[in-house]
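Single-letter residue listing:
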Amino acid sequence: MVKAVVLGAAGGIGQPLALLLKANPLVTELSLYDIVNTPGVAADLSHISTQSKVTGYLPPPKGSDLPADDGLKKTLAGADIVVIPAGIPRKPGVIRDDLFKINAGIVRDLATGIATTCPKAAVLVISNPVNSTVPIVAEVLKKHGVFDPKKVFGVTTLDVVRASTFVAEVLGDLSLVSKVSVPVVGGHSGVTIIPLLSQSTVPLPSSLDQSTVDALIKRIQFGGDEVVKAKDGAGSATLSMAYAGALFAENVIKALKGATGIVVPTYVNLSAHEGGQVIQKELGSSIEYFSVPVTLGPNGVEAINSLGSLSSQEQSLISAALPELQESITKGVQFIQAPK
Ligand code: NAD
Ligand code: LMR
């Protein structure tokens, strides 16, 4: 039995993500929460002929005697996995860090509901800026004495999905896309997104000129901007994110149910894991959060794997990413530890 929850379920990501989870035979119960429209989304999905029972909750109406978190807590009760795409998206001219002002508080309040209702659930954070929202979730759970570093994940799968697609395009054969896997490490914002092209399962030809490689790296790092620009004010990636979020959620669910050998990049706490400490040493940095290849298991993060051998360009990209990443992490931690 697997109860999956989506917080922010009526949104651009939330709705298609909920659809994909409803279509997933591993999910036996699907519960949806948003500040608007969740009953409608839940009613619609509930007609789909798959086994999961679907429920949808809202906050109590104004003037209600119920506590403000009543709907949230009903949604979260008994959850095994909670996916969070709640919060505002970007528009042209906005960077992910600009979303902090609004999304930090949203994520804090949702994490409080998780801490007090389903503290053992795996928490998958999609809301931007991921580099800060994951530390926010962790700090809230710590405050309630229920932080399990094996269970909190920043979802960076869209970067991995983009890397496969864009590499296959450069190789000139989109049919290769299912064979192409590229670890993407670091964080989820511009220069903190670091594709390890040297480890692509389908190698790039050595004849490829450096400017093509540079352009490919840039496209993976700034793929989000491409969508924001094309949507022209109507938001950011939703459908590709729902696909990526559902893929990552499925991997987590499979591992929780006992599947072995699933290794995926995700943004996690490093210092709580032996493998994470090794990476910190390799990076020469005490950075607390980083996207790394993680082996998933029945308790969440089973092991953090090595970054493998890196080209000198990849080493430089990591060095360039660390200051911005550290700043975003500190900002998230401070938001909970020392709120202004
Ligand atoms: P959206 O505006 O379409 O949907 C967000 C939903 O969150 C809305 O339905 C809104 O009502 C809901 N919401 C707001 N406050 C809430 C609260 N307190 N509790 C519950 N729900 C609440 O936005 P979107 O396009 O779905 O994007 C959502 C977030 O995901 C954004 O922050 C975006 O930047 C981020 N994102 C992350 C990635 C990634 O790779 N991690 C990719 C794409 C988008
Ligand atoms: C993405 O990478 O598409 C998301 O982080 C959304 C964005 O703001 O670009």
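Residues numbered from 1 in each chain as written. Chains lettered and ligands numbered in written order. Predicted model: local features only at pLDDT ≥ 70, side-chain atom pairs only at ≥ 80, totals over all residues.

### Observations concerning the overall build of the protein chain
Definition in use: Secondary structure counts use DSSP, requiring at least four H or I residues in a row for a helix and at least two E residues in a row for a strand, with both numbered from the N terminus. Neighbour counting defines burial: a residue surrounded by 20 or more other C-beta atoms within 10 Å of its own C-beta is buried, one with 12 or fewer is exposed, and intermediate counts give partly exposed, using backbone-placed C-beta atoms. For the purpose of contact definition, each residue receives a C-beta atom placed from its backbone, and two residues are in contact when these atoms lie within 7 Å.
If you tally the helices and strands in the protein chain, you get 11 helices and 11 strands. Principal-axis analysis of the C-alpha atoms gives the protein chain an extent of 65 × 45 × 45 Å. When each of the 340 residues of the protein chain is scored for burial, the buried share is 48%. Within the protein chain, residue pairs in contact and separated by at least 24 positions form 71% of the contacts whose partners lie at least 6 positions apart.

### A closer look at the UniProt feature "domain: Lactate/malate dehydrogenase N-terminal" (unreviewed entry) in the protein chain
Note the threshold: UniProt positions are given in the numbering used here, feature names are shortened, and annotations may be inferred rather than shown by experiment.
UniProt's feature table lists "domain: Lactate/malate dehydrogenase N-terminal" (unreviewed entry) at residues 3-154, given in the numbering used throughout. Annotated as residues 3-154, this span is 38% helix and 17% strand, and its ends, taken at the C-alpha atoms, are 20 Å apart.

### Looking at the packing of helix H5 (residues 130-143) against helix H11 (residues 312-337)
The condition that has to hold: For every element, the axis is a line fit to its C-alpha atoms; helices are fit only across the contacting stretch, and the angle between N-to-C directions ranges from 0 to 180 degrees. For any pair of crossing helices, the crossing counts as left-handed if the nearer helix is rotated counterclockwise from the farther one by less than a right angle, and right-handed if it is rotated clockwise. As a working rule, the residues Ala, Val, Leu, Ile, Met, Phe, Trp, Tyr, Cys and Pro are called nonpolar, Asp, Glu, Lys and Arg charged, and the rest polar, with Gly in that last group.
Running from N to C, H5 and H11 cross one another at 35°; their axes reach a closest spacing of 8 Å. Between H5 and H11 the crossing geometry is right-handed. Residue-level inspection shows Asn131, Ser132, Thr133, Pro135, Ile136, Glu139, Val140 and Lys143 of H5 in contact with H11, the latter providing Leu325, Ser328, Ile329, Lys331, Gly332, Val333, Phe335, Ile336 and Gln337. For the contact of H5 with H11, a count of residues per class yields eight nonpolar, six polar and three charged.

### Quick look at the site of ligand 2
For the record, the criterion: Nearness between a residue and a molecule or strand is assessed with a C-beta atom placed from the backbone; a distance within 6 Å qualifies. The domain boundaries here were taken from an automatic or database domain assignment.
In the vicinity of ligand 2, the residues found are Pro89, Arg90, Arg96, Asn128, Leu158, Gly224, Val227, Val228, Ser236 and Ala237. A total of three residues in the shell around ligand 2 trace back to one element, the largest contributor, which is helix H8 (residues 223-231). Grouping the amino acids of the shell around ligand 2 by side-chain chemistry returns five nonpolar, three polar and two charged. When residues of the shell around ligand 2 are assigned to domains, at least three map to each of domain 1 (3-155) and domain 2 (157-333).

### Some thoughts on the UniProt feature "active site" (unreviewed entry) in the protein chain
In the numbering used here, UniProt assigns the "active site" (unreviewed entry) feature to His188. Mapped onto the elements of the fold, His188 is located in the loop between strand S7 (184-186) and strand S8 (193-195).

### As for the nonpolar core
Note on soluble globular proteins: their nonpolar side chains tend to be buried together. This is how the line gets drawn: Put simply, a nonpolar core is buried Ala, Val, Leu, Ile, Met, Phe, Trp, Tyr and Cys residues tied into one set by C-beta atoms within 7 Å.
The biggest cluster of nonpolar side chains holds 102 residues, and the ones touching the most others in it are Ile81, Val82, Leu124 and Val137. Here this core gets 10 residues from one element, more than from any other, and that element is helix H9 (residues 239-256). Setting aside anything within four residues of it in sequence, one finds Val82 in contact with Val5, Leu7, Leu76, Ile114, Cys118, Ala121, Val123 and Leu124.

### A short note on the site of ligand 1
The local shell around ligand 1 holds 34 residues, among which Gly8, Gly11, Gly12, Ile13 and Asn128 are the closest. For the shell around ligand 1, the element with the highest residue contribution is helix H4 (residues 100-117), accounting for four residues. Its residues assigned to classes, the shell around ligand 1 shows 19 nonpolar, 12 polar and three charged. For the shell around ligand 1, the two domains that each supply at least three residues are domain 1 (3-155) and domain 2 (157-333).

### Section: the domain arrangement of the protein chain
Assigned domains of the protein chain: these are domain 1 (3-155) and domain 2 (157-333). Domain 1 and domain 2 are separated by 23 Å when their C-alpha centres are compared. At the interface, 40 residues of domain 1 touch 43 residues of domain 2. Mapped by element, the contributors of at least two residues to the side of domain 1 that touches domain 2 are helix H1 (14-22), strand S4 (81-84), strand S5 (122-125), H5 and strand S6 (152-154). The leading source of residues in the side of domain 1 that touches domain 2 is H5, at nine residues. Per-class residue counts for the side of domain 1 that touches domain 2 are 26 nonpolar, six polar and eight charged.

### As for the packing of helix H6 (residues 157-171) against H9
Quick reminder of the rule: Our angle categories are set so that under 35 degrees counts as roughly parallel, over 145 as roughly antiparallel, 65 to 115 as roughly perpendicular, and the remainder as oblique.
H9 packs onto H6 with a crossing angle of 110° between their chain directions and a minimal axis gap of 8 Å. Between H6 and H9, the angle is such that the two are roughly perpendicular. Contact residues: H6 offers Thr157, Leu158 and Val161, while H9 offers Ser240, Met241, Tyr243, Ala244, Gly245, Leu247 and Phe248. Partitioning the contact of H6 with H9 into residue classes produces seven nonpolar, three polar and no charged.

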